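# Structural features, examined
Given next are the chains, with one letter for each unit.
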Amino acid sequence: MHKDKKTAQASQQSIDRIFTVPEAPDSSLGRIEQAISQNLNRFLQEHIAATERPLTEIEKDFNTASVPENPTFVSEHTEFLLDKLVAQSVHTSSPRFIGHMTSALPYFLMPLSKIMIGLNQNTVKIETSKAFTPLERQVLGMLHNLVYQQDDAFYDRWMHSANHSLGSFCSGGTVANITALWVARNHLLRPQGTFRGVAQEGIYRAMKHYGYEGIAVLVSDRGHYSVKKSADILGIGRESLVSVATDENNRIDIAALEKTITELKAQNIKPFAIVGIAGTTETGSIDPLDKLADIAEREGCHFHVDAAWGGASLMSDSQRLKMAGIERADSVTIDAHKQLYVPMGAGMVLFKDPALVSSIEHHAEYILRKGSKDLGSHTLEGSRSGMAMLVFSCLKIIGRQGYQLLIDQSVAKAQRFAKMINTHPEFELISEPELCILTYRYVPERVKQALSLAKPDEIDVLTSLLNDLTISIQKRQRESGHSFVSRTRLTPAAWDGRTTTVFRVVLANPLTTETILEEVLAEQTELALQSKGAYPALMEKAEQVLLRAQVKRP
Ligand SMILES: *Cc1c(COP(=O)(O)O)cnc(C)c1O
């Protein structure tokens, strides 16, 4: 816009302009658009600064609590955004940022997302979405097919049927899990005789009618926190989410599950949903889904599989074998914004039985009329974007075989990284990658030696010092901004359930190379040696243990 004018003016003309006239191509916005479409990676590389500025400092750039009184020129505002927001954001698509489930995106999504925003369809109802409604139903059909592999006749019959739904498209795995458990709860506490169902009369009257002391959801202690949120929102309370112990491979312990079910039933608490995890968030582990399906069937309870992260692995013939039994689930959560390489805001829950959603069906007079095909009658969310278009585009452009390649590559890379860690004298693999997530920690050789000779109370101290060191390395690595791994806390059986802080790595970015992985380990080793508090304390304790052990040796 016009830099010669000092301030922008609010006028009818300027309002008309922002809704019609595009910025001149030589404006900063125009230049950004050009740079992004030419080479997005270079643009991000150039504009995201590797700054060590702490968040409390960054907050000072965003401390104005009043709506700006006067308008601003678009160019001026754009400069501010580049400087204060883009520069101080996280380079999630960097091949060196291997700590999160967010990775690089295919380039074609950039221009396509502009079409999506330009069209601004609202998929809650057909009136504002038209072709986007059958498109979304088709995407749900494709993902349903990926999980349940029904025949053509099945999809011909149900995909576009008004009173049925193969799934529910939503903003992510959290809402997908809530939706699945909502369906399960309403199905269990459905209308019966004079009781009009939990959806109508609420949880209190439902309990009285069915004569339960409570109802419970069962999931392993690797379960995602969204399952706990669901229990809270569904009015059954977070305590009704019962955590079941895991085995040494971070998979649900079936014997512990059986014991929990027996205990709950003895208290007249009905287990109404068993949640299996196909790819846990922390370790990527897959629960024994077939066994869970058997138990759910026997107990007459809903079987939900949380495959928010791992579901995309079904695209690969070889990875699919690891998820045997997923096709027996009543519902399955899959996030497209994780391993389907779609931008954030795309989750789905799929239902084996297309009639199951009737238990959460809602109608309203002005939209979502009975018998209409409006998607909003089967979703928790109301207004939603045409995000299904981007999922559809990825599925079509990449194809099943393309995804198979991507997924298999990620798994192979994780296996090579695990080998690298296993053969490195100063690192220790904590969880083997079943898919492409693994966890590990830095343990200097002398400490490894000390651990092998230490008494239980000495192991406690060493573990706690190692935890401090892991935290210190991870923080320093994040702050320096070159690379990023995340961290979590596990209780590996190999350490008698001692809480162990570990580095967590997700190898989904196709641009991450083995050289980068070697560099990540090298940087971590260097950061460990630089650590002023944690490293010396750990080494001192290790030497003490070694001295003590050697003295006592025969
Ligand atoms: C990521 C994830 C979720 C939550 O998904 P959001 O898209 O973050 O809401 C749920 N379950 C598992 C296993 C996940 O990995």
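About the thresholds
- Residues numbered from 1 in each chain as written.
- Predicted model: local features only at pLDDT ≥ 70, side-chain atom pairs only at ≥ 80, totals over all residues.
- Heavy atoms only, no water.
- UniProt positions renumbered as here; feature names shortened; annotations may be inferred.
- Helix = DSSP H or I, 4+ residues; strand = E, 2+ residues; numbered from the N terminus.
- Contact = heavy atoms within 4.5 Å.
- Polar contact = N/O pair within 3.5 Å; in protein donor to acceptor, adjacent residues only side chain to side chain.
- Pairing = 2+ DSSP bridges.
- Axes fitted to C-alpha atoms, helices over the stretch in contact; angles between N-to-C directions.
- Salt bridge = Lys/Arg side-chain N within 4 Å of Asp/Glu carboxyl O.
- Parallel < 35°, antiparallel > 145°, perpendicular 65-115°, else oblique.
- Left-handed = near helix turned anticlockwise from the far one by under 90°.
- Nonpolar A, V, L, I, M, F, W, Y, C, P; charged D, E, K, R; others polar.
- Expected span 1.5 Å × (residues − 1).
- Near = heavy atom within 4 Å.
- Areas by Shrake-Rupley, 256 points an atom, 1.4 Å probe, with all protein chains shown as cover.
- Domains from an automatic or database assignment.
- Buried area = accessible area lost by both parts, 1.4 Å probe.
- Buried < 20%, exposed > 50% of the residue type's maximum accessible area, 1.4 Å probe, protein only.

### As for the UniProt feature "modified residue: N6-(pyridoxal phosphate)lysine" (unreviewed entry) in the protein
The UniProt record annotates "modified residue: N6-(pyridoxal phosphate)lysine" (unreviewed entry) at K338. As for its position among the elements, K338 is in the loop between β6 (331-335) and β7 (347-351). Beyond its immediate sequence surroundings of up to four residues, K338 is in contact with M101, A308 and W309. Separated by 3.2 Å, the side chains of K338 and D335 make a polar contact.

### With respect to the sheet that holds strand β2 (residues 214-220)
Strands in a sheet are paired, the pairing made by backbone hydrogen bonds, and the direction either parallel or antiparallel. Strands sit in the order β1-β7-β6-β5-β4-β2-β3 across an open sheet of 7 strands; the sheet is mixed. With one partner strand each, in any of the chains shown, β1 (167-170) and β3 (241-244) form the two edges of the open sheet. For this sheet, the mean angle separating the axes of adjacent strands, direction not counted, is 20 degrees. Where β2 meets strand β4 (residues 269-277), 5 bridges bridge the pair, whose relative direction is parallel. Residue pairing for β4: A216 is matched across the bridge by P271. Relative to the sheet, helix α11 (residues 225-233) contacts β2, β3 and β4, its axis offset from that of β3 by approximately 155 degrees.

### Overview of the pattern of salt bridges
Considering all chains together, one arrives at 28 salt bridges under this definition. Linking E299 and R298 is a salt bridge whose minimum nitrogen-to-oxygen distance equals 2.9 Å. Within this structure, R53, E57, K60 and D61 form a network of salt bridges that share partners.

### Overview of the packing of helix α16 (residues 445-453) against helix α17 (residues 456-480)
Relative orientation of the contacting elements α16 and α17 amounts to 150 degrees, with a least axis distance of 10 Å. In terms of orientation, α16 and α17 fall into the roughly antiparallel class. In the packing of α16 onto α17, the handedness of the crossing is left-handed. Of α17, the residues touching α16 (which contributes V447, A450 and L451) are I459, L462 and L466. Partitioned by chemical class, the residues of the contact of α16 with α17 number 6 nonpolar, no polar and no charged.

### What about α17?
Relative to the 36 Å expected for 25 residues at 1.5 Å per residue, α17 spans 36 Å between its end C-alpha atoms, a close match to the ideal helical length. Within two residues after α17, G481 carries a phi angle of roughly 75 degrees, on the positive side.

### Section: the site of the ligand
Lining the immediate environment of the ligand, one finds 15 residues, of which T174, D306, D335, H337 and K338 sit closest. Between the ligand and D306, the relevant distance is 2.6 Å, taken from a nitrogen atom to a side-chain nitrogen or oxygen of the residue. Note that an oxygen atom of the ligand is positioned 3.0 Å from one of the side-chain N or O atoms of K338. Coverage of the ligand by the protein amounts to 87% of the 380 Å² it exposes when considered alone. Here the residues of the shell around the ligand are counted per class, giving 3 nonpolar, 9 polar and 3 charged.

### Quick word on the domain arrangement of the protein
The domain architecture assigned to the protein consists of domain 1 (25-106) and domain 2 (121-384). Computed from C-alpha atoms alone, the centre-to-centre distance between domain 1 and domain 2 is 36 Å. With 6 residues of domain 1 at the interface, the matching set in domain 2 holds 8 residues. Roughly 540 Å² is buried in total at the junction of domain 1 and domain 2, and carbon and sulfur atoms are behind 76% of that figure. Interface area lost by domain 1 to domain 2 is led by M101, T102 and L105, which between them contribute 80%. Linking domain 1 with domain 2 are 0 salt bridges. Counting every contact that joins domain 1 to domain 2 gives 0 residue pairs in polar contact (both at pLDDT 80 or more).

### A few points about the packing of α17 against helix α18 (residues 514-530)
To characterise two packed helices, one gives the angle between the axes of the helices and the distance between these axes. Their axes nearest at 9 Å, the elements α17 and α18 cross at an angle of 115 degrees. As α17 packs across α18, the resulting crossing turns out to be right-handed. When α17 is examined against α18, the residues L469, I473, R476, Q477 and S480 are found in contact with a partner set consisting of V520, E523, Q524, L527 and A528. Here the residues of the contact of α17 with α18 are counted per class, giving 5 nonpolar, 3 polar and 2 charged.

### Thoughts on the side chain of S359
Mapped onto the fold, S359 is located in the loop between β7 and α15 (388-423). Reaching out from S359, the side chain makes a polar contact with the backbone oxygen of V183 at a distance of 3.4 Å. The residues touching S359, leaving out its near neighbours within four places in the chain, are V183, N186 and H187.

### Describing the sheet that holds strand β11 (residues 500-506)
Ordered in space as β8-β9-β11-β10, the 4 strands form an open sheet in which the pairing is antiparallel. Where the open sheet ends on each side, the last strands, each with one partner, are β8 (427-431) and β10 (486-490). Each strand axis lies, on average, 40 degrees off the axis of its neighbour in the sheet, ignoring direction. Pairing of β10 with β11, which is carried by 5 bridges, proceeds in the antiparallel orientation.

### What about the pairing of β8?
Within β8, 5 of the 5 residues are buried, which leaves the element mostly enclosed by the surrounding structure. Sheet topology places β8 next to strand β9 (residues 437-442); 4 bridges connect them, and they run antiparallel. Bridging across to β9, E428 finds its partner in R441. Connecting the antiparallel pair β8 and β9 is a turn made up of 5 residues.

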